[in-house]
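# Working through the structure, step by step
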Amino acid sequence: MAMNFTTFTNIIDGKATTTAETRYSINPSTQEPNPPVPVSTKQDLDAAVDAARRASKGWAKTSWEERKDALLKFVDAVLERKTEFAGLLTREQGKPLSFAIWEVEAVGRQIAALAGIKLEDEVLLDEDGRKVIKRYVPLGVGGAIVPWNFPVVLMMFKISHAVLTGNTIVCKPSPFTPYTGLKLVELAQQFFPPGVVNVLSGDDNLGPWMTAHPGIDKISFTGSSATGKKVMESCSRTLKRLTLELGGKDPAIILPDVDVATVATQIAFYSFFNSGQICIATKRIYVHSSIAKEFVRALVVAAKNLKVGDGLDKGVFMGPVNNSMQYEKVMGFMEDVKKGNGEIVLGGDDAARFRYKPEDKGGKSGFFIDPTIVFNPEEGSRIMKEEPFGPILPVVTWEDEEEVIRRANDSELGLGASVWGKDVERAERIARRIEAGSVWVNEHFAGLAVAPFGGWKGSGIGVENGKEGLVGWCNLQSLYVRREVKSVL
Ligand code: NAD
(Lines give C-alpha, C1' and ligand atoms only; values in the text may rest on other atoms or scores of the structure.)
Protein backbone atom coordinates (compact mmCIF):
# COMPACT_ATOMS: atom_id res chain seq x y z
CA MET A 1 0.00 0.00 0.00
CA ALA A 2 1.33 3.46 -0.88
CA MET A 3 2.48 5.64 1.97
CA ASN A 4 3.64 9.21 1.89
CA PHE A 5 6.80 10.25 3.72
CA THR A 6 5.90 13.93 3.92
CA THR A 7 3.04 14.26 6.41
CA PHE A 8 3.23 12.94 9.96
CA THR A 9 0.55 12.09 12.52
CA ASN A 10 0.09 10.22 15.75
CA ILE A 11 -1.39 6.73 15.43
CA ILE A 12 -3.92 5.88 18.11
CA ASP A 13 -6.20 2.83 17.91
CA GLY A 14 -5.26 2.25 14.27
CA LYS A 15 -6.16 5.81 13.24
CA ALA A 16 -4.07 8.78 12.22
CA THR A 17 -4.74 11.62 14.65
CA THR A 18 -3.54 15.19 14.69
CA THR A 19 -3.02 17.66 17.53
CA ALA A 20 -3.84 21.36 17.87
CA GLU A 21 -0.19 22.17 18.43
CA THR A 22 2.65 21.01 16.21
CA ARG A 23 6.44 21.31 16.30
CA TYR A 24 9.31 20.23 14.06
CA SER A 25 12.88 19.08 14.36
CA ILE A 26 15.65 20.35 12.15
CA ASN A 27 17.89 18.63 9.63
CA PRO A 28 21.23 18.63 11.48
CA SER A 29 23.20 18.93 8.22
CA THR A 30 21.47 22.11 7.09
CA GLN A 31 19.48 23.39 10.06
CA GLU A 32 16.46 23.50 7.78
CA PRO A 33 13.15 22.61 9.40
CA ASN A 34 11.77 19.13 8.84
CA PRO A 35 7.94 18.83 8.48
CA PRO A 36 5.52 19.48 11.38
CA VAL A 37 4.77 16.68 13.85
CA PRO A 38 2.15 16.48 16.62
CA VAL A 39 2.68 17.76 20.13
CA SER A 40 0.61 15.25 22.09
CA THR A 41 -1.39 16.23 25.14
CA LYS A 42 -2.11 14.18 28.23
CA GLN A 43 -5.49 13.37 26.68
CA ASP A 44 -3.77 11.93 23.60
CA LEU A 45 -1.68 9.73 25.87
CA ASP A 46 -4.82 8.60 27.75
CA ALA A 47 -6.49 7.74 24.44
CA ALA A 48 -3.47 5.74 23.25
CA VAL A 49 -3.16 3.86 26.54
CA ASP A 50 -6.92 3.11 26.56
CA ALA A 51 -6.71 1.79 23.00
CA ALA A 52 -3.67 -0.34 23.85
CA ARG A 53 -5.43 -1.69 26.96
CA ARG A 54 -8.57 -2.64 24.98
CA ALA A 55 -6.48 -4.30 22.26
CA SER A 56 -4.32 -6.18 24.74
CA LYS A 57 -7.14 -8.52 25.75
CA GLY A 58 -7.53 -10.00 22.27
CA TRP A 59 -3.85 -9.75 21.32
CA ALA A 60 -2.73 -11.71 24.38
CA LYS A 61 -4.97 -14.60 23.25
CA THR A 62 -3.40 -14.92 19.80
CA SER A 63 -0.84 -17.65 19.21
CA TRP A 64 2.92 -17.05 19.12
CA GLU A 65 2.93 -18.09 15.42
CA GLU A 66 0.20 -15.60 14.54
CA ARG A 67 2.11 -12.78 16.22
CA LYS A 68 5.42 -13.79 14.69
CA ASP A 69 3.80 -13.95 11.26
CA ALA A 70 2.36 -10.42 11.63
CA LEU A 71 5.71 -9.10 12.86
CA LEU A 72 7.73 -10.61 10.01
CA LYS A 73 5.26 -9.31 7.42
CA PHE A 74 5.60 -5.86 9.00
CA VAL A 75 9.41 -6.11 8.86
CA ASP A 76 9.21 -7.11 5.17
CA ALA A 77 7.05 -4.05 4.50
CA VAL A 78 9.63 -1.83 6.22
CA LEU A 79 12.39 -3.36 4.08
CA GLU A 80 10.34 -2.81 0.91
CA ARG A 81 10.38 0.89 1.77
CA LYS A 82 13.97 1.01 2.95
CA THR A 83 14.94 3.81 0.56
CA GLU A 84 12.18 6.08 1.86
CA PHE A 85 12.85 5.21 5.52
CA ALA A 86 16.60 5.68 5.06
CA GLY A 87 16.20 9.07 3.34
CA LEU A 88 13.94 10.26 6.15
CA LEU A 89 16.39 8.92 8.73
CA THR A 90 19.28 10.85 7.19
CA ARG A 91 17.23 14.05 7.16
CA GLU A 92 16.19 13.74 10.80
CA GLN A 93 19.30 12.11 12.32
CA GLY A 94 22.14 13.25 10.07
CA LYS A 95 23.78 9.87 9.46
CA PRO A 96 25.04 9.08 5.93
CA LEU A 97 22.47 7.51 3.65
CA SER A 98 24.45 4.26 3.27
CA PHE A 99 24.45 3.81 7.06
CA ALA A 100 20.77 4.76 7.24
CA ILE A 101 20.09 1.93 4.77
CA TRP A 102 22.28 -0.34 6.91
CA GLU A 103 20.19 0.60 9.98
CA VAL A 104 16.92 -0.23 8.23
CA GLU A 105 18.34 -3.48 6.90
CA ALA A 106 19.60 -4.37 10.39
CA VAL A 107 15.96 -4.36 11.44
CA GLY A 108 15.25 -7.20 9.05
CA ARG A 109 18.26 -9.32 10.00
CA GLN A 110 17.95 -8.90 13.74
CA ILE A 111 14.20 -9.20 14.10
CA ALA A 112 14.04 -12.34 11.98
CA ALA A 113 16.55 -13.89 14.41
CA LEU A 114 14.69 -12.62 17.49
CA ALA A 115 11.42 -14.03 16.18
CA GLY A 116 13.12 -17.43 15.98
CA ILE A 117 13.06 -17.57 19.77
CA LYS A 118 9.82 -18.80 21.30
CA LEU A 119 8.60 -18.58 24.86
CA GLU A 120 6.42 -21.57 25.65
CA ASP A 121 4.95 -23.17 28.74
CA GLU A 122 7.63 -25.27 30.40
CA VAL A 123 6.64 -28.32 32.41
CA LEU A 124 8.92 -28.34 35.44
CA LEU A 125 7.45 -31.43 37.06
CA ASP A 126 4.94 -34.05 35.97
CA GLU A 127 4.52 -36.93 38.40
CA ASP A 128 2.07 -38.53 40.82
CA GLY A 129 -0.95 -36.77 39.34
CA ARG A 130 0.68 -33.36 39.69
CA LYS A 131 2.07 -30.92 37.16
CA VAL A 132 4.02 -27.73 37.68
CA ILE A 133 4.15 -25.43 34.68
CA LYS A 134 6.17 -22.26 34.15
CA ARG A 135 4.15 -19.79 32.08
CA TYR A 136 5.07 -16.55 30.35
CA VAL A 137 2.07 -14.25 30.54
CA PRO A 138 2.00 -10.89 28.74
CA LEU A 139 2.29 -7.85 31.02
CA GLY A 140 -0.39 -5.87 29.16
CA VAL A 141 0.55 -2.41 27.87
CA GLY A 142 4.14 -1.32 27.29
CA GLY A 143 5.58 2.13 26.76
CA ALA A 144 8.63 2.53 24.51
CA ILE A 145 10.85 5.58 24.95
CA VAL A 146 13.51 5.88 22.25
CA PRO A 147 16.58 8.14 21.80
CA TRP A 148 17.72 9.95 18.65
CA ASN A 149 20.87 8.03 17.68
CA PHE A 150 19.26 4.90 16.15
CA PRO A 151 15.57 5.81 15.93
CA VAL A 152 14.60 3.02 13.51
CA VAL A 153 16.33 -0.02 14.91
CA LEU A 154 15.68 0.84 18.56
CA MET A 155 11.97 1.45 18.07
CA MET A 156 11.60 -1.69 15.96
CA PHE A 157 13.26 -3.77 18.68
CA LYS A 158 10.87 -2.46 21.31
CA ILE A 159 7.83 -3.09 19.09
CA SER A 160 9.11 -6.60 18.30
CA HIS A 161 9.60 -7.60 21.93
CA ALA A 162 6.17 -6.29 22.86
CA VAL A 163 4.11 -7.81 20.08
CA LEU A 164 5.86 -11.19 20.02
CA THR A 165 5.14 -11.68 23.71
CA GLY A 166 1.47 -10.70 23.36
CA ASN A 167 1.71 -7.16 24.70
CA THR A 168 0.48 -3.97 23.12
CA ILE A 169 2.58 -0.82 22.99
CA VAL A 170 2.58 2.97 22.98
CA CYS A 171 5.78 4.31 21.38
CA LYS A 172 7.43 7.66 21.86
CA PRO A 173 10.26 8.66 19.53
CA SER A 174 12.75 11.34 20.55
CA PRO A 175 11.59 14.91 19.84
CA PHE A 176 14.84 15.28 17.81
CA THR A 177 13.97 12.33 15.52
CA PRO A 178 10.21 11.76 15.51
CA TYR A 179 9.73 11.13 11.78
CA THR A 180 10.79 7.54 11.11
CA GLY A 181 9.12 6.35 14.34
CA LEU A 182 5.76 7.85 13.33
CA LYS A 183 5.97 6.30 9.86
CA LEU A 184 7.01 2.86 11.17
CA VAL A 185 3.92 2.69 13.35
CA GLU A 186 1.70 4.02 10.56
CA LEU A 187 2.94 1.13 8.42
CA ALA A 188 2.46 -1.34 11.28
CA GLN A 189 -1.30 -0.72 11.12
CA GLN A 190 -1.47 -2.87 7.97
CA PHE A 191 -0.35 -5.92 9.98
CA PHE A 192 -1.68 -5.55 13.53
CA PRO A 193 -5.20 -5.01 14.88
CA PRO A 194 -6.05 -1.42 15.92
CA GLY A 195 -4.55 -0.45 19.27
CA VAL A 196 -1.77 -3.06 19.29
CA VAL A 197 0.93 -0.60 18.12
CA ASN A 198 0.40 3.11 18.82
CA VAL A 199 2.73 6.08 18.54
CA LEU A 200 2.73 9.61 19.90
CA SER A 201 5.09 12.44 19.14
CA GLY A 202 5.49 15.12 21.75
CA ASP A 203 7.66 17.56 23.58
CA ASP A 204 9.64 17.06 26.79
CA ASN A 205 6.44 16.49 28.80
CA LEU A 206 5.43 13.28 27.08
CA GLY A 207 8.14 10.95 28.49
CA PRO A 208 7.44 11.85 32.15
CA TRP A 209 3.67 11.51 31.53
CA MET A 210 4.26 8.01 30.19
CA THR A 211 6.45 6.86 33.07
CA ALA A 212 3.83 8.15 35.54
CA HIS A 213 0.80 6.75 33.69
CA PRO A 214 -1.08 4.14 35.74
CA GLY A 215 -2.34 2.38 32.59
CA ILE A 216 1.16 1.46 31.37
CA ASP A 217 2.55 -1.78 32.83
CA LYS A 218 6.14 -1.58 31.59
CA ILE A 219 8.51 1.06 30.30
CA SER A 220 11.23 0.01 27.89
CA PHE A 221 13.61 2.94 27.94
CA THR A 222 16.75 3.59 25.91
CA GLY A 223 18.62 6.81 26.60
CA SER A 224 21.12 8.45 28.90
CA SER A 225 21.93 7.20 32.37
CA ALA A 226 20.84 10.56 33.86
CA THR A 227 17.36 10.27 32.31
CA GLY A 228 17.23 6.56 33.15
CA LYS A 229 17.44 7.39 36.86
CA LYS A 230 14.48 9.79 36.51
CA VAL A 231 12.53 7.16 34.60
CA MET A 232 13.15 4.57 37.31
CA GLU A 233 12.12 6.97 40.05
CA SER A 234 8.89 7.82 38.26
CA CYS A 235 8.08 4.16 37.44
CA SER A 236 8.54 3.20 41.07
CA ARG A 237 5.36 5.06 42.03
CA THR A 238 3.23 2.60 40.06
CA LEU A 239 5.70 -0.31 40.35
CA LYS A 240 5.99 -0.54 36.59
CA ARG A 241 8.24 -3.16 35.07
CA LEU A 242 11.26 -1.53 33.58
CA THR A 243 14.08 -2.11 31.13
CA LEU A 244 16.77 0.54 31.08
CA GLU A 245 19.29 0.56 28.22
CA LEU A 246 21.58 3.46 29.15
CA GLY A 247 24.89 5.12 28.40
CA GLY A 248 28.30 3.56 27.93
CA LYS A 249 31.99 4.40 28.23
CA ASP A 250 33.37 1.35 26.46
CA PRO A 251 37.10 0.69 26.89
CA ALA A 252 39.13 -0.98 24.14
CA ILE A 253 42.30 -2.67 25.35
CA ILE A 254 45.00 -3.04 22.70
CA LEU A 255 47.59 -5.76 23.40
CA PRO A 256 51.21 -5.30 22.27
CA ASP A 257 51.05 -8.01 19.58
CA VAL A 258 48.35 -6.49 17.34
CA ASP A 259 48.77 -5.62 13.71
CA VAL A 260 48.84 -1.89 14.40
CA ALA A 261 47.51 -0.51 11.11
CA THR A 262 44.63 -2.99 10.94
CA VAL A 263 43.48 -2.51 14.53
CA ALA A 264 43.90 1.29 14.43
CA THR A 265 41.60 1.38 11.38
CA GLN A 266 39.04 -0.75 13.21
CA ILE A 267 39.19 1.48 16.28
CA ALA A 268 38.70 4.58 14.13
CA PHE A 269 35.57 2.93 12.71
CA TYR A 270 34.14 1.83 16.06
CA SER A 271 34.84 5.22 17.66
CA PHE A 272 33.61 7.56 14.92
CA PHE A 273 30.81 5.56 13.26
CA ASN A 274 27.53 7.52 13.59
CA SER A 275 29.78 10.46 14.62
CA GLY A 276 30.52 8.70 17.91
CA GLN A 277 26.82 8.76 18.86
CA ILE A 278 26.54 5.09 19.75
CA CYS A 279 26.01 3.71 23.21
CA ILE A 280 28.56 0.98 22.46
CA ALA A 281 31.14 3.02 20.55
CA THR A 282 34.72 2.55 21.76
CA LYS A 283 35.12 5.58 24.02
CA ARG A 284 38.41 4.99 25.90
CA ILE A 285 41.39 3.37 24.17
CA TYR A 286 44.05 1.66 26.31
CA VAL A 287 47.01 0.89 24.07
CA HIS A 288 50.12 -0.94 25.26
CA SER A 289 52.94 1.55 25.77
CA SER A 290 55.35 -0.42 23.55
CA ILE A 291 53.25 0.33 20.44
CA ALA A 292 51.53 3.54 21.58
CA LYS A 293 53.30 6.04 19.30
CA GLU A 294 52.92 3.87 16.21
CA PHE A 295 49.28 3.11 17.08
CA VAL A 296 48.32 6.76 17.60
CA ARG A 297 49.98 7.71 14.30
CA ALA A 298 47.99 4.99 12.50
CA LEU A 299 44.77 5.99 14.26
CA VAL A 300 45.24 9.61 13.18
CA VAL A 301 45.81 8.51 9.58
CA ALA A 302 42.70 6.32 9.64
CA ALA A 303 40.52 9.00 11.26
CA LYS A 304 41.74 11.69 8.84
CA ASN A 305 40.44 9.55 6.00
CA LEU A 306 36.88 9.62 7.35
CA LYS A 307 34.93 12.10 5.25
CA VAL A 308 32.64 14.40 7.22
CA GLY A 309 29.63 16.04 5.60
CA ASP A 310 25.93 16.04 4.75
CA GLY A 311 24.72 12.45 4.95
CA LEU A 312 23.08 12.82 1.53
CA ASP A 313 26.47 13.55 -0.13
CA LYS A 314 28.43 10.65 -1.65
CA GLY A 315 31.32 9.07 0.24
CA VAL A 316 30.50 10.67 3.59
CA PHE A 317 31.40 8.54 6.63
CA MET A 318 30.39 10.95 9.39
CA GLY A 319 27.37 13.23 9.34
CA PRO A 320 26.89 16.04 11.83
CA VAL A 321 26.10 15.43 15.49
CA ASN A 322 22.35 15.35 15.85
CA ASN A 323 21.41 18.60 17.56
CA SER A 324 22.65 21.87 19.03
CA MET A 325 22.54 20.55 22.59
CA GLN A 326 24.76 17.63 21.62
CA TYR A 327 27.05 19.93 19.67
CA GLU A 328 27.56 22.15 22.71
CA LYS A 329 28.09 19.11 24.91
CA VAL A 330 30.89 17.79 22.70
CA MET A 331 32.44 21.28 22.51
CA GLY A 332 32.38 21.33 26.32
CA PHE A 333 34.64 18.25 26.30
CA MET A 334 36.93 20.07 23.82
CA GLU A 335 37.21 23.01 26.23
CA ASP A 336 38.08 20.66 29.07
CA VAL A 337 40.73 18.90 27.01
CA LYS A 338 42.24 22.24 25.99
CA LYS A 339 42.87 23.01 29.67
CA GLY A 340 45.83 20.66 29.44
CA ASN A 341 44.02 17.36 29.78
CA GLY A 342 45.99 15.57 27.11
CA GLU A 343 47.60 16.31 23.76
CA ILE A 344 45.19 16.92 20.90
CA VAL A 345 46.72 14.91 18.06
CA LEU A 346 43.84 15.38 15.64
CA GLY A 347 40.92 17.82 15.45
CA GLY A 348 40.39 20.01 18.48
CA ASP A 349 39.54 23.63 17.74
CA ASP A 350 39.81 23.04 14.01
CA ALA A 351 37.30 20.21 14.31
CA ALA A 352 34.39 22.56 14.93
CA ARG A 353 33.86 23.65 11.38
CA PHE A 354 30.63 25.36 12.24
CA ARG A 355 29.98 26.91 15.60
CA TYR A 356 26.28 26.69 16.19
CA LYS A 357 24.58 30.03 16.64
CA PRO A 358 20.82 30.13 17.24
CA GLU A 359 20.48 33.03 14.77
CA ASP A 360 21.76 30.75 11.98
CA LYS A 361 18.51 28.76 12.06
CA GLY A 362 17.52 27.66 8.60
CA GLY A 363 21.00 28.42 7.29
CA LYS A 364 22.98 26.12 5.09
CA SER A 365 25.31 24.74 7.72
CA GLY A 366 25.07 21.98 10.28
CA PHE A 367 26.55 20.61 13.45
CA PHE A 368 29.70 19.14 11.92
CA ILE A 369 32.62 18.14 14.11
CA ASP A 370 35.67 16.39 12.63
CA PRO A 371 37.16 13.40 14.45
CA THR A 372 39.21 14.52 17.42
CA ILE A 373 41.81 12.36 19.17
CA VAL A 374 43.34 13.21 22.53
CA PHE A 375 46.49 11.42 23.67
CA ASN A 376 47.17 10.70 27.34
CA PRO A 377 44.55 12.80 29.15
CA GLU A 378 44.52 12.42 32.92
CA GLU A 379 42.80 9.29 34.18
CA GLY A 380 40.24 11.27 36.20
CA SER A 381 39.52 13.89 33.50
CA ARG A 382 36.02 14.32 32.03
CA ILE A 383 37.01 12.79 28.68
CA MET A 384 38.12 9.60 30.48
CA LYS A 385 35.11 9.40 32.82
CA GLU A 386 32.05 10.75 31.00
CA GLU A 387 30.33 9.87 27.76
CA PRO A 388 30.70 12.71 25.22
CA PHE A 389 28.48 10.94 22.67
CA GLY A 390 30.34 12.63 19.84
CA PRO A 391 33.53 12.33 17.78
CA ILE A 392 36.14 12.97 20.48
CA LEU A 393 38.27 10.03 21.58
CA PRO A 394 40.87 9.65 24.36
CA VAL A 395 43.83 7.26 23.98
CA VAL A 396 45.97 6.32 26.99
CA THR A 397 48.77 3.81 27.54
CA TRP A 398 49.18 0.78 29.81
CA GLU A 399 51.96 -1.61 30.80
CA ASP A 400 50.65 -4.17 33.24
CA GLU A 401 47.70 -6.50 32.63
CA GLU A 402 46.25 -6.26 36.13
CA GLU A 403 46.54 -2.50 36.03
CA VAL A 404 44.73 -2.12 32.71
CA ILE A 405 41.89 -4.39 33.83
CA ARG A 406 41.49 -2.29 36.98
CA ARG A 407 41.49 0.94 34.99
CA ALA A 408 39.02 -0.40 32.40
CA ASN A 409 36.67 -1.42 35.22
CA ASP A 410 37.09 1.85 37.09
CA SER A 411 33.92 3.35 35.61
CA GLU A 412 30.37 3.94 36.75
CA LEU A 413 29.28 2.49 33.41
CA GLY A 414 29.53 -1.05 32.12
CA LEU A 415 27.88 -1.41 28.73
CA GLY A 416 30.52 -2.84 26.36
CA ALA A 417 34.26 -3.38 26.03
CA SER A 418 36.72 -5.00 23.67
CA VAL A 419 40.16 -6.56 23.82
CA TRP A 420 42.36 -6.70 20.72
CA GLY A 421 45.31 -9.06 20.28
CA LYS A 422 46.80 -11.93 18.30
CA ASP A 423 47.18 -13.86 21.55
CA VAL A 424 43.49 -14.70 21.66
CA GLU A 425 43.76 -16.72 24.87
CA ARG A 426 45.24 -13.74 26.65
CA ALA A 427 42.64 -11.41 25.12
CA GLU A 428 39.81 -13.70 26.23
CA ARG A 429 41.30 -14.03 29.71
CA ILE A 430 41.21 -10.23 30.02
CA ALA A 431 37.76 -9.99 28.40
CA ARG A 432 36.29 -12.36 30.99
CA ARG A 433 37.31 -9.98 33.77
CA ILE A 434 35.73 -6.85 32.29
CA GLU A 435 32.61 -5.55 34.04
CA ALA A 436 30.30 -4.99 31.10
CA GLY A 437 27.20 -6.48 29.52
CA SER A 438 28.89 -7.23 26.17
CA VAL A 439 32.59 -7.88 25.71
CA TRP A 440 34.20 -8.59 22.37
CA VAL A 441 37.59 -9.95 21.34
CA ASN A 442 39.03 -8.58 18.08
CA GLU A 443 35.77 -6.84 17.18
CA HIS A 444 33.34 -4.40 18.77
CA PHE A 445 29.59 -3.84 18.77
CA ALA A 446 28.74 -6.79 16.57
CA GLY A 447 25.23 -7.70 17.70
CA LEU A 448 23.27 -10.92 17.68
CA ALA A 449 19.55 -10.81 18.38
CA VAL A 450 19.65 -14.12 20.20
CA ALA A 451 22.27 -12.78 22.63
CA PRO A 452 20.98 -10.70 25.55
CA PHE A 453 22.10 -7.07 25.36
CA GLY A 454 22.21 -4.81 28.39
CA GLY A 455 24.41 -2.87 30.73
CA TRP A 456 26.05 -3.49 34.08
CA LYS A 457 26.31 -0.80 36.76
CA GLY A 458 25.08 2.61 35.56
CA SER A 459 24.57 1.33 32.00
CA GLY A 460 21.22 -0.22 32.66
CA ILE A 461 18.86 -2.69 34.20
CA GLY A 462 17.46 -5.71 32.37
CA VAL A 463 18.23 -6.66 28.79
CA GLU A 464 16.83 -6.48 25.30
CA ASN A 465 17.18 -9.37 22.85
CA GLY A 466 17.74 -13.03 23.54
CA LYS A 467 15.23 -15.13 25.43
CA GLU A 468 15.85 -12.96 28.50
CA GLY A 469 14.84 -9.82 26.61
CA LEU A 470 11.51 -11.40 25.73
CA VAL A 471 11.02 -12.68 29.28
CA GLY A 472 11.33 -9.06 30.42
CA TRP A 473 7.97 -8.43 28.72
CA CYS A 474 6.20 -11.20 30.68
CA ASN A 475 4.79 -11.93 34.07
CA LEU A 476 6.16 -15.29 35.12
CA GLN A 477 3.55 -17.65 36.50
CA SER A 478 4.17 -20.99 38.22
CA LEU A 479 1.03 -23.02 37.73
CA TYR A 480 0.55 -26.02 40.05
CA VAL A 481 -2.08 -28.49 38.85
CA ARG A 482 -3.01 -31.53 40.95
CA ARG A 483 -5.48 -33.99 39.43
CA GLU A 484 -7.08 -34.88 42.74
CA VAL A 485 -7.20 -33.09 46.07
CA LYS A 486 -4.76 -34.68 48.47
CA SER A 487 -5.42 -34.77 52.16
CA VAL A 488 -3.01 -32.49 54.03
CA LEU A 489 -3.87 -33.67 57.54
P1 NAD B 1 17.91 11.07 26.61
O2 NAD B 1 17.99 10.34 27.89
O3 NAD B 1 18.08 12.55 26.63
O4 NAD B 1 16.51 10.82 25.89
C5 NAD B 1 16.04 9.53 25.57
C6 NAD B 1 14.53 9.55 25.47
O7 NAD B 1 13.98 9.85 26.75
C8 NAD B 1 13.97 10.62 24.52
O9 NAD B 1 12.85 10.06 23.85
C10 NAD B 1 13.53 11.72 25.47
O11 NAD B 1 12.48 12.52 24.95
C12 NAD B 1 13.03 10.91 26.66
N13 NAD B 1 13.06 11.62 27.96
C14 NAD B 1 13.81 12.68 28.33
N15 NAD B 1 13.57 13.00 29.62
C16 NAD B 1 12.66 12.10 30.07
C17 NAD B 1 12.03 11.87 31.34
N18 NAD B 1 12.28 12.65 32.41
N19 NAD B 1 11.16 10.86 31.46
C20 NAD B 1 10.90 10.04 30.40
N21 NAD B 1 11.47 10.20 29.19
C22 NAD B 1 12.34 11.22 29.02
O23 NAD B 1 18.97 10.38 25.64
P24 NAD B 1 19.40 10.81 24.18
O25 NAD B 1 20.27 12.02 24.29
O26 NAD B 1 18.20 10.84 23.28
O27 NAD B 1 20.27 9.53 23.75
C28 NAD B 1 21.62 9.41 24.03
C29 NAD B 1 21.88 8.47 25.19
O30 NAD B 1 21.26 7.21 24.97
C31 NAD B 1 23.36 8.14 25.37
O32 NAD B 1 23.70 8.19 26.74
C33 NAD B 1 23.49 6.72 24.84
O34 NAD B 1 24.58 5.99 25.35
C35 NAD B 1 22.17 6.15 25.24
N36 NAD B 1 21.83 4.98 24.43
C37 NAD B 1 21.85 3.75 25.02
C38 NAD B 1 21.59 2.61 24.26
C39 NAD B 1 21.62 1.25 24.88
O40 NAD B 1 21.12 0.33 24.25
N41 NAD B 1 22.18 1.07 26.06
C42 NAD B 1 21.30 2.73 22.90
C43 NAD B 1 21.26 3.99 22.33
C44 NAD B 1 21.53 5.12 23.11
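Residues numbered from 1 in each chain as written. Predicted model: local features only at pLDDT ≥ 70, side-chain atom pairs only at ≥ 80, totals over all residues. Heavy atoms only, no water.

- The name recorded for the chain in an unreviewed UniProt entry is aldehyde dehydrogenase (NAD(+)), from Orbilia javanica.
- UniProt lists a comment for the chain under the heading Catalytic activity (unreviewed entry), and it reads "an aldehyde + NAD(+) + H2O = a carboxylate + NADH + 2 H(+)".
- The record held by UniProt for the chain lists under Sequence similarities (unreviewed entry) the comment "Belongs to the aldehyde dehydrogenase family." (UniProt positions renumbered as here; feature names shortened; annotations may be inferred.)

## Some details on the sheet that holds strand β5 (residues 122-127)
- Within the open sheet, the three strands sit side by side as β5-β6-β22. Their pairing is antiparallel. Lying at the two open borders of the sheet, with one neighbouring strand each, are β5 and β22 (474-482). Recorded for the sheet is a direction-independent mean angle of 20° between the axes of neighbouring strands.
- Alignment of strand β6 (residues 130-138) against β22, held across nine bridges, turns out to be antiparallel. (Pairing = 2+ DSSP bridges. Helix = DSSP H or I, 4+ residues; strand = E, 2+ residues; numbered from the N terminus. Axes fitted to C-alpha atoms, helices over the stretch in contact; angles between N-to-C directions.)

## Some remarks on the packing of aromatic side chains
- Counting across every chain of the model gives 18 aromatic pairs.
- Ring centres 5.0 Å apart and planes at 90° place the aromatic pair F5 and F85 in the edge-to-face group. One end of the pair, F5, is in the segment before β1 (10-12); the other, F85, is in helix α3 (residues 82-93), with 80 residues separating them in the sequence.
- F5 gets classed as buried once you look at its relative accessible area, which sits at 12%.
- Ring centres of F269 and F445 lie 6.4 Å apart, and the angle between their planes is 45°; on these two criteria the pair is classed as tilted. Taken together, the residues F269 in helix α9 (residues 260-272) and F445 in the loop between β19 (438-441) and β20 (456-457) connect sequence positions 176 residues apart.
- The partly exposed category is assigned to F269, whose relative accessible area is 30%.
- Joined through ring pairs, the aromatic side chains of F99, W102, F269, Y270, F273, F317, W420 and F445 make up one cluster.
- Positioned above the aromatic ring of F150 is the side chain of K95, whose terminal nitrogen or guanidinium carbon lies 3.7 Å from the ring centre.
- Over the ring of F8 we find K183; its NZ or CZ atom is 5.2 Å from the centre of that ring. (Phe/Tyr/Trp six-rings, centres within 6.5 Å; stacked < 30°, edge-to-face > 60°. Buried < 20%, exposed > 50% of the residue type's maximum accessible area, 1.4 Å probe, protein only. Lys NZ or Arg CZ within 6 Å of the ring centre and 35° of its normal.)

## A look at the site of the ligand
- As a structural note, the neighbourhood of the ligand is formed by 26 residues, with V146, K172, T227, L246 and E387 the closest of them.
- V146 is positioned such that a nitrogen or oxygen atom in its backbone is 2.7 Å from an oxygen atom of the ligand.
- Measuring from a nitrogen atom of the ligand, one finds a backbone N or O atom of L246 at 2.7 Å.
- Computed on the free molecule, the ligand has an accessible area of 850 Å², of which 87% lies beneath the protein chains in the complex.
- Put simply, the parts of the chain that give the shell around the ligand at least two residues each are α7 (206-212), β10 (218-222) and α8 (225-236).
- Here the residues of the shell around the ligand are counted per class, giving 14 nonpolar, nine polar and three charged.
- Shared between two domains, the shell around the ligand holds at least three residues of each, these being domain 1 (10-246 + 459-477) and domain 2 (250-441). (Near = heavy atom within 4 Å. Polar contact = N/O pair within 3.5 Å; in protein donor to acceptor, adjacent residues only side chain to side chain. Areas by Shrake-Rupley, 256 points an atom, 1.4 Å probe, with all protein chains shown as cover. Nonpolar A, V, L, I, M, F, W, Y, C, P; charged D, E, K, R; others polar. Domains from an automatic or database assignment.)

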